[in-house]
Amino acid sequence: MEISQLVDYLRNYDGKPVRLMEVCGSHTHAISEHGIRELLSPKIELLSGPGCPVCVTPTAYIDRLIELSLEVDTTVVTFGDLLRVPGSKESLNEAKGRGASVIMVYSPMDVLKLARDNPLRKYVFAAVGFETTAPVYTLLLDRAIEEKLDNIRLLTALKTMPGAISYLCEKGANIDGFIAPGHVSAVTGAAYFVDLAEKYHIPFAVSGFSAKELVVAIFGLVKMIEKGEDKVANYYTSVVDLEKNEIVEAQFQKYYKKADVAWRGMGILPGTGLMLKEDYAHFDAGSAGLDVDNKKNIACRCGDILMGKAKPSDCPLFGKVCTPSSPQGACMVSQEGSCNNAFLS
Amino acid sequence: MEKIIMEHGSGGRATSELIKEIFEAEFDNDVLSEMEDAAVVPGAEAIAMTTDSFVVTPLEFPGGDIGRLCICGTVNDLCMRGARPKYITCGFILEEGVDIEQLKRIVKSMADTAKEAGVKIVAGDTKVVEGNGGLYINTAGVGFIPSGIDIKAKNAADGDVIIVSGNIGDHHATVLSQRMEIKNTIKSDNAPLQEMVGKLISNNIPIHVLRDVTRGGLATVLKELALASGNNFEIDAENIPVDPQVKSFSGLLGLDPLYMGNEGKLVAIVPKEYTDEALNIIKECKYGENACVIGNVKTPENESETGTLVLNTEIGGRRFLDILQGEGLPRIC
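Residues numbered from 1 in each chain as written. Chains lettered and ligands numbered in written order. Predicted model: local features only at pLDDT ≥ 70, side-chain atom pairs only at ≥ 80, totals over all residues.

Undergrad: Which residues make up the nonpolar core, and what are the values?
TA: The nonpolar side chains of a soluble globular protein tend to be buried with one another. Grouped together as the largest cluster of nonpolar side chains are 118 residues, with contacts concentrated most on Leu92 and Val206 of chain A. Among the elements that line this core, the one with the most residues is helix H10 (residues 211-227) of chain A, at 11 residues. Ignoring sequence-local partners within four residues, the contact set of leucine 92 of chain A consists of Ile62, Leu65, Ile66, Ser69, Val76, Thr78, Leu82, Leu83, Ala100 and Val102 of chain A. Residues Leu69, Val197, Val270 and Val297 of chain B belong to the second largest nonpolar core, which totals 95 residues. (Core = buried A, V, L, I, M, F, W, Y, C linked by C-beta atoms within 7 Å. Buried ≥ 20, exposed ≤ 12 C-beta atoms within 10 Å, placed from the backbone. Helix = DSSP H or I, 4+ residues; strand = E, 2+ residues; numbered from the N terminus. Contact = placed C-beta atoms within 7 Å.)

Put into structure tokens, the structure is as follows:
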């Protein structure tokens, strides 16, 4: 079938209403970037799940980063998307305005040069991310150990996806199908999601990030739902293997252990986090127990939105008090956040 | 003498030597060589004035450097009001430790670019501060506006077409590649646009709006123009020119070329009947070969819906674009 035929099918779809969820921030962004929602029948609803790593990070983590960045001998190094995320009182950017030492980088590997050049200063990297980003921190640690750099630390907020998907399925978000995260699947292999599909009788479509790839994946999901199938279909074959990726699995096990961690708005989910093992605790800037989530604005509904129970427009703050220039919650800050994308599309 | 030291800012002998050997050697012209406290130059009935500061890091990058950048930036700001750029002043703030060979290269690059753009550098100043080899330049520029020319955001009118003068995102991608030490062949587009604007005006194209597409990128510039003119703009993704290498580079990093900065690209908004003529003129200019018509201006019937910028995506979806939010990339110019 031509892509235009798939688009026509999805535009004119008149079957049972379906709720599809993507759990990858890059998908959230791509769906908005390509205007995919506009192409779909009102009976196909796309929901953005907890796929944006910044959005699921509790405020206690941001507060801890700020605390570190204000220590005289410490610099916090971070990706740009974390700078504007509100902690319980302020963001890193605001702290920077009153003297906090914060450096924005595009790659964690930039920390190596900083640490080499200023051996008396401590550099804490804000290691936020999912399965996709964890390997880069592994590489960073490999290099830090190799070069004997003892002034690098990680403040980890690393999470893995399957446990969160289980939680969503069990807590009644009424999802009919998942657009499986393309990047995560590229790292782990698509088989990572097979057990979930079977356990919850929900189909998964592994998708790439172009408009066409997303249309194909959505079409595939709708078809699987119509047929009552609970398979994992891989529509991102150029990048994703079906098999589990043993190398990555081994890498995870080298430095990290599974941990119970808090997801913003969802609470502590058992076994869904990665923490540095005891042997590497000297690299840890105090990542354990950062579970508290004190909303900056009590009315913020990020939690419900992340779980597909509410749409961004259902939140009383959305588009009024809460906009990308005055974000009340992380979902409005990040380029991958559901509220940010809903606001901008 | 290899590095700048505090003494170069003393106002005494070292300062004189610095000015003589580096700045005068390159910038020499009849006005500057008078060495008075202020430059005296002929005027015009309507002049355009602008000022800009340049803090880019790294100081030199493929396709340009802070010297070329500061002339282009100032020249282009003047051009965007239809002015013919005439005079530029420059203030250097040098941190101790600046490499003098590098300073010479930057100053020569400024002189060459000023020559290319047809402007005279008529006044200057140098200060030295403590630090670690940083270099900052502030410029001011004056241009003469030909009579009858009135180019401003508010002039955008229903039915006008939107032209962009070439590939977007190049400068941003260049600076970022350098900082991340990523090897590629992407080059900055920093260039003076006085030829392009001059030819549009001398060929009697009734230009409504000109804007150079710098920080914030194309989407930010167009959204600001839509808001300022009270119109709605609609652009087509498939017509927006992006170099394939910049496209894949930005894709890898999760950046959107629509929000990436340039230093030698303009947006021209002209009446529909002048589309082909304006496009051809731009394409024939030195820095305009990839120019494209990317969209058009619509005056909404309902006043509450003004100022929108809509992107028609390649697959037929529609995306509302806003101005850049957040950091972008600091210190690209």
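Back to the text.
Undergrad: Outline the sheet that holds strand E6 (residues 152-159) of chain A, supporting the account with residue identities and numerical values.
TA: Residues and elements named next belong to chain A. Spatially, E4-E3-E5-E6-E11-E10 is the arrangement adopted by the 6 strands of the open sheet, whose pairing is mixed. Two strands close off the open sheet at either side, each with one partner strand: strand E4 (102-104) and strand E10 (256-263). The average angle at which neighbouring strand axes cross in this sheet is 25 degrees, direction not considered. Relative to strand E11 (residues 267-276), E10 is paired through 7 bridges, and the arrangement is antiparallel. (Pairing = 2+ DSSP bridges. Axes fitted to C-alpha atoms, helices over the stretch in contact; angles between N-to-C directions.)

Undergrad: Account for the interface of chain B and chain A, with residues named and values stated.
TA: Of the residues lining the interface, 16 residues belong to chain B; the matching set on chain A comes to 22 residues. Only helix H4 (170-180) and strand E13 (318-320) of chain B provide two or more residues apiece to the side of chain B that touches chain A. Per-element accounting of the side of chain B that touches chain A gives the leading share, 3 residues, to E13 of chain B. Tallied by class, residues from the side of chain B that touches chain A come to 5 nonpolar, 6 polar and 5 charged. (Nonpolar A, V, L, I, M, F, W, Y, C, P; charged D, E, K, R; others polar.)

Undergrad: Break down the domain arrangement of chain A for me, with residues and values.
TA: Residue and element names in this part refer to chain A. You can read the domains of chain A as domain 1 (3-49 + 162-234), domain 2 (59-160 + 244-283) and domain 3 (302-343). Here the C-alpha centre of domain 2 lies 30 Å away from the C-alpha centre of domain 1. Among the residues making up the side of domain 1 that touches domain 2, the classes are represented as 7 nonpolar, 4 polar and no charged. (Domains from an automatic or database assignment.)

Undergrad: Residue-level account of the domain arrangement of chain B, with values.
TA: All names here are of chain B. On domain assignment, one finds that chain B holds domain 1 (6-144) and domain 2 (153-320). For domain 1 and domain 2, the distance between their C-alpha centroids amounts to 28 Å. If you look at the interface, domain 1 gives 23 residues, while domain 2 gives 21 residues. Those elements giving two or more residues to the side of domain 1 that touches domain 2 turn out to be helix H2 (66-79), strand E4 (84-95) and helix H3 (100-117). No other element matches H2, which puts 9 residues into the side of domain 1 that touches domain 2.

Undergrad: Tell me what's going on with the environment of methionine 196 of chain B, and back it up with residues and numbers.
TA: Residues and elements named next belong to chain B. Inspection of the secondary structure puts methionine 196 in helix H5 (residues 194-202). A C-alpha to C-alpha distance of 5.8 Å links methionine 196 and cysteine 285, two positions 89 residues apart in sequence. For methionine 196, the contacting residues outside a window of four places in its chain are Ser165, Leu266, Ile282, Cys285, Tyr287 and Gly288.

Undergrad: How would you explain the confidence of the model for chain B if you had to name every residue and give the values?
TA: Scored by pLDDT, chain B has a mean of 94; 98% of the residues are at 70 or more. Across the interfaces of the predicted complex, the ipTM metric reaches 0.74, alongside a pTM of 0.84. (pLDDT = per-residue confidence, 0-100.)

Undergrad: Outline the environment of glycine 49 of chain A, supporting the account with residue identities and numerical values.
TA: All names here are of chain A. Counting through the fold element by element, glycine 49 comes out in the loop between strand E2 (44-48) and helix H3 (59-69). You can call glycine 49 buried: it has 28 C-beta atoms within 10 Å. Spatially, the C-alpha atom of glycine 49 lies 22 Å from that of lysine 258, the residues being 209 residues apart in sequence. Ignoring any residue separated from it by four or fewer positions in sequence, one finds glycine 49 in contact with Met21, Glu22, Val23, Leu168, Leu306 and Gly308.

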